[in-house]
Amino acid sequence: MIEISNLHDTRQRAIAQAQQLRRWARRRPWAALALLLGAGMLCGAAARSAIGMAQVEALQTADAERRAELDRVRRDAQRDVNALAARLAELQAQANRLNALGTRLTRAGQLQDGEFDFEKPVGQGGGGITRDMPPAELRARLAALEGEYRLAGTQLSVLETLLFNRALDRSTTPSREPIAGSFVTSGFGGRADPFGGGSQFHKGIDFQASIGDPVLAVADGVVSYAGTRSGYGNTVEIDHGNGYVTRYAHNSRLVRQVGDLVRAGQEIAKAGSSGRSTGAHVHFELWQDGVVVNPRKFLGHNNALARHGPGRG
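What counts, and at which threshold
- Residues numbered from 1 in each chain as written.
- Predicted model: local features only at pLDDT ≥ 70, side-chain atom pairs only at ≥ 80, totals over all residues.
- Heavy atoms only, no water.
- Helix = DSSP H or I, 4+ residues; strand = E, 2+ residues; numbered from the N terminus.
- Core = buried A, V, L, I, M, F, W, Y, C linked by side-chain atoms within 4.5 Å.
- Buried < 20%, exposed > 50% of the residue type's maximum accessible area, 1.4 Å probe, protein only.
- pLDDT = per-residue confidence, 0-100.
- Phe/Tyr/Trp six-rings, centres within 6.5 Å; stacked < 30°, edge-to-face > 60°.
- Salt bridge = Lys/Arg side-chain N within 4 Å of Asp/Glu carboxyl O.

(A) Representation of the environment of Asn242 in the model. Positionally, Asn242 belongs in the loop between β7 (233–241) and β8 (244–254). Asn242 sits 69 residues away from Thr173 along the chain, and the two C-alpha atoms are 8.4 Å apart.

Here you go:
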């Protein structure tokens, strides 16, 4: 009952206020009109403000979406650039490897200086209208270039192996003098016995030497014997592979042991006159597949043999 009474009182007060407002409007019509217009303008401004705020929010949302899309496109483009940069780095590494390999081959093949310069830029030219290259075309060209590099690398590696084998064969084939600055005192084949006992077959070549002169390996190899042999005195033998063995005899002292790896031109003994000898010299023999052969076929172009003149055998 109390709530109904309060509601009735509120309604009565509202009716009384409305009647007072109507009486005020009849007494002051212009003021009422101005009040009505002001209220309408306030409502319109409020509506326009609400619409404007909605439009601003929509523009801000669209701008944020465009910025997000731009950032995404920028990130995708940067990933593509990074991927292309990685491919370019790989190609540059391959190019450097090929240049280094080409330089080694130039030296191994003993090509003339300047005939192949792998550090010199390659001249290029051309005319016509240029155009932008699509990323897909750039990737295709890089892939093709990478394939060409791989093929070139394989071919150069095979060539390097062939040149290395050729150089290895050359370094292990007897081709040097066993003593520097000497000359031949006795050739290969039949000769008079220096001890006055008729004729004999001389298995090697004798080089003039003084006691203590360094005896040199004529090619790369491994010492297979170092000791005293009957008639030869202090002897060194070197196995060069491919069936070649060289013997250096009548030495005063040996400086290498069995199993030592020696290079062409390295000292292996000191010259002397040990064994069956009439004086200081170096006796040099060359064996091929277990058969003694004339060293002239291998050493025939060196100065010592040329100074000796025509040989026997």
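Read on, since the account is not over.
(B) Structural detail: the nonpolar core. Grouped together as the largest cluster of nonpolar side chains are 26 residues, with contacts concentrated most on Phe207, Val215, Val236, Ile238, Tyr248, Ile268 and Val282. Looking at this core, the elements that each hand over two or more residues are β4 (205–208), β7, β8, β10 (267–271), β11 (281–288), β12 (291–293) and α4 (296–299). Looking at which element gives the most residues to this core, the answer is β11, with 4 residues.

(C) Representation of the confidence of the model for the protein. On average, residues of the protein score 75 in pLDDT, and 58% of them reach the 70 mark or higher. Least confident of the elements in the protein is helix α5 (residues 303–308), whose mean pLDDT is 48; most confident is β10, at 96.

(D) Representation of the packing of aromatic side chains in the model. Inspection of every chain in the model, using the stated rule, returns 3 aromatic pairs. On the basis of an interplanar angle of 80° and a centroid distance of 5.3 Å, the ring pair of Tyr244 and Phe298 is categorised as edge-to-face. With a gap of 54 residues between them, Tyr244 in strand β8 and Phe298 in helix α4 connect regions that are remote in the sequence. We note that Tyr244, like Phe298, is buried.

(E) Region of interest: the pattern of salt bridges. Across all of its chains, the model carries 7 salt bridges by this definition. The shortest N-O distance in the salt bridge between Arg72 and Glu69 comes to 2.4 Å. One end of the pair is Arg72 and the other is Glu69, both in helix α2 (residues 29–108) and 3 residues apart, which spans about a single turn. Relative accessible area serves as the criterion here: at 38%, Arg72 is assigned to the partly exposed category. For Glu69, a relative accessible area of 38% puts it in the partly exposed group.

(F) Region of interest: unusual backbone geometry. Backbone geometry at His250 places phi at a positive 65°, although glycine is not the residue there. Turning to its location among the elements, His250 is positioned in strand β8. Judged by its relative accessible area of 5%, His250 falls in the buried class. Positive phi outside glycine occurs at Asp289, with the angle close to 55°.

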